[in-house]
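Each chain, written out:
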Amino acid sequence: MKVARFSKMGFILAAAGSAVGLGNIWKFPYIAGEYGGGAFVLVYLLTVLLIGFSIMIAEMLIGYLGRKDTVTSFEELAPTHKGRWKFAGFQSLAGLFIMIFYSVVIGWIFNYIVTSVTTLPSSVKEAETTFNAMLHTGFKTQLFYHTAAFIWITYVLTKGIKGGIEKMNFILMPALMVILGGMFIYATTLDTFHQAVEFMFYPDWSKINSTAFVVAVGHAFFTLSLGMGAIMTYSASMEKGSNLVKNAFWVVFLDTTIAIVAGLMLFTFLYQYGSGPAKGPGLVFISLPAAFYEMGVLGNIFAVLFFIALAFAGLTSSVSLVEPMVQYFIDRFGWSRLKASISMGTFFWFFGIFAILSNVDGYKEFLTWGSKSFFDWVDYVTAAIMLPLGGLAMAIFVGFAMDKSKVESIMRPQLKWAFDIWYFSLRYITPVAMFVVILSLMGII
Ligand code: TRP
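**Re helix 8 (residues 139-158)**
Compared with the 28 Å implied by 1.5 Å per residue over 20 residues, the 28 Å span of helix 8 between its first and last C-alpha is a close match. On its buried face, helix 8 is in contact with helix 6 (93-116), helix 7 (124-137), helix 9 (160-188), helix 15 (297-333) and helix 16 (337-357).

In C-alpha cells, the structure reads:
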C-alpha cells in the first residue's frame, strides 16, 4: 500500500541529491588532477552524454513502469525468464556495500566540520599528519562520527519517501548549492581562477590513455548513481505521466554542473593559496585545509561551510544507496519501514566498523588481503565490478529483453527523433563500453 509519491520538483531534487555526492566534490577533482585535467574532463563529459544519459533514462523507465522494489520490477517487466531477471534486482545490495565505506567517509567529514571551526593545519605536512592520525589511530573518533552518520541516515529513511527523503533533499540540496555557489563566486574574483579554468578545460591529449578512459567511464556511473537501482527505486515513486527525458536531463545537468563548479573552486584555492592541483584522495582532507589556513579567519569559515556542503552531498546520496534494499524488504516481505530501515542501517553500521578498523594500526594487518584493506576492497568491488555489471544488465534489459513496442510507445513521444539513437546506444554502445570497463578494471585487458 505505497501511495506516497515524490512531487515533480521533489523527484528531481531527490535524484539529483543522490547523484551529487562525495563523487562530485571529493572524487572528481582529485581524479581529474590525477589524469591531467582538461582531456580527462572532456572524455568524462562525453561519457556522461553518450552512455550515462542513456542508462539514466533506461533505469528510470524500469522503475517508473515497475513501480516496485528493484527485484520485483525486473521480475514483472521481463517478458520471459522472469525468475532469472529477478536476480538483476539484487544489484541493489551494492548500495548497502557502498555504504560500508561511504558512511565512514561522511564521518571523517563530520569530524572536519567540528575541528575546522578552531583549527586548520598550517602546512600540507601538518595536514597530512592530522589526517593520518585520524585514519590510523583515531578509532574512537571515526566510530563516533560513523555512528552519527548512521543515525541521521536511518532516521530519514524511517520517515519515508515524502516526509523523509523528499523533505531532506528540499532543505539540503538548495543549501549545498548556495554554499558552493557562493564560494565559487568568491573564487572567480581571485587571480588564479583562469589557471583553474585552463587546467580543467585545456585538453592535453598526451595525458589520455586507456586507463584514463576507463576511469572516466567508471566515474560517470558512480557520479550519476547508476547501476544499482537507486534511481530506479526513486523512479518507482515518480508521478504518473512524468517526462523521463526531462527528469534525466535535470539530474545529469545538475550533477555535472556541480562537479565542475566544485572542481574550479577547489583548484582556484589550491593555485592561489596552496600547492597547485594536488592529486589523490587526500585533496579535500589534506591540501585543501592547508590552503584554507592561508586565508586566515575567512579560511575557517570557508572550511566549515565547505565540509558542511560536502556532508550534505554525502547524506542525500546515502539515503538513495540504502532505500532500494529498504523498499525490497517492505515490498517483498511486508516489513514495516521502521524495521527495514533500522535493519539495513545496522548492516552498514556494523560492517563500517571493520572498514574503519582496516585502516587502524594494530588491526589493519588482519583486515588486509592482497594489497587492499577491507575498506579499499569494498570500494573496488562495488565501483569497479558491481556498478558496471548492473549498468550492463539494465542496458540489455531495456534494449533486448523488454518488448520494443512497449518501450517505444512510452519513450518515442518523449525522445522524438532521438529515440533511435538512445535505443542504439543501449543495445550496442553501452554494453561494449561496459564490457571494456569491466575487463580492464579486473586487469584482464
Ligand atoms: N552518486 C553518488 C556520488 O557521486 C554516490 C551514489 C549514490 C551512488 N547512489 C548511488 C553510486 C548509486 C552508485 C549507485 O557520490
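So, next bit.
**A word on the site of the ligand**
In the neighbourhood of the ligand, 17 residues make up the surrounding shell, with A19, G23, Y102, F222 and S225 lying closest. One of the backbone nitrogen or oxygen atoms of G23 is found 2.8 Å away from an oxygen atom of the ligand. Of all the secondary structure elements, the ones that give two or more residues to the shell around the ligand are helix 1 (8-19), helix 2 (22-34), helix 11 (210-223) and helix 15. Of the residues in the shell around the ligand, the class split is nine nonpolar, eight polar and no charged.

**Here we look at the nonpolar core**
Within the largest apolar cluster, 171 residues are counted, with the highest numbers of intra-cluster contacts made by F269, F285, F292, F306, V398, M411 and W422. Examining the composition of this core, we find that 18 residues originate from one element, helix 15, more than from any other. Discounting chain neighbours no more than four positions away, the residues touching W422 are S54, I57, A58, L61, V398, V407, M411 and L415.

**Notes on unusual backbone geometry**
Phi angles above zero are rare outside glycine, and S225 is one such case at about 60°. For S225, the location among the structural elements is in the loop between helix 11 and helix 12 (230-235). For K416, which is not glycine, the phi dihedral falls at a positive 55°.

**Details of the packing of aromatic side chains**
Enumeration according to the criterion identifies 50 aromatic pairs in this entry. Each ring, one from F285 and one from F307, has its centre 6.2 Å from the other, and the planes form 15°; the classification is stacked. Of this pair, F285 sits in helix 14 (residues 283-293) while F307 sits in helix 15; the two residues are 22 residues apart in sequence, bridging distant segments of the chain. Exposure remark for F307: the relative accessible area of 1% places this residue in the buried category. A centroid spacing of 6.4 Å and a plane angle of 50° characterise the contact between W422 and Y423, whose relative ring orientation is tilted. Through pairs of rings, three or more aromatic residues link up here, namely F101, W108, Y112, F131, Y186, F269, F285, F292, F302, F306, F307 and F375. Over the aromatic face of W335 sits the side chain of K339, whose NZ or CZ is 4.3 Å from the ring centroid. Here the basic side chain of K372 rests over the ring of W377, its NZ or CZ set 5.5 Å away from the ring centre.

About the thresholds
Residues numbered from 1 in each chain as written. Predicted model: local features only at pLDDT ≥ 70, side-chain atom pairs only at ≥ 80, totals over all residues. Heavy atoms only, no water. Helix = DSSP H or I, 4+ residues; strand = E, 2+ residues; numbered from the N terminus. Expected span 1.5 Å × (residues − 1). Contact = heavy atoms within 4.5 Å. Near = heavy atom within 4 Å. Polar contact = N/O pair within 3.5 Å; in protein donor to acceptor, adjacent residues only side chain to side chain. Nonpolar A, V, L, I, M, F, W, Y, C, P; charged D, E, K, R; others polar. Core = buried A, V, L, I, M, F, W, Y, C linked by side-chain atoms within 4.5 Å. Buried < 20%, exposed > 50% of the residue type's maximum accessible area, 1.4 Å probe, protein only. Phe/Tyr/Trp six-rings, centres within 6.5 Å; stacked < 30°, edge-to-face > 60°. Lys NZ or Arg CZ within 6 Å of the ring centre and 35° of its normal.

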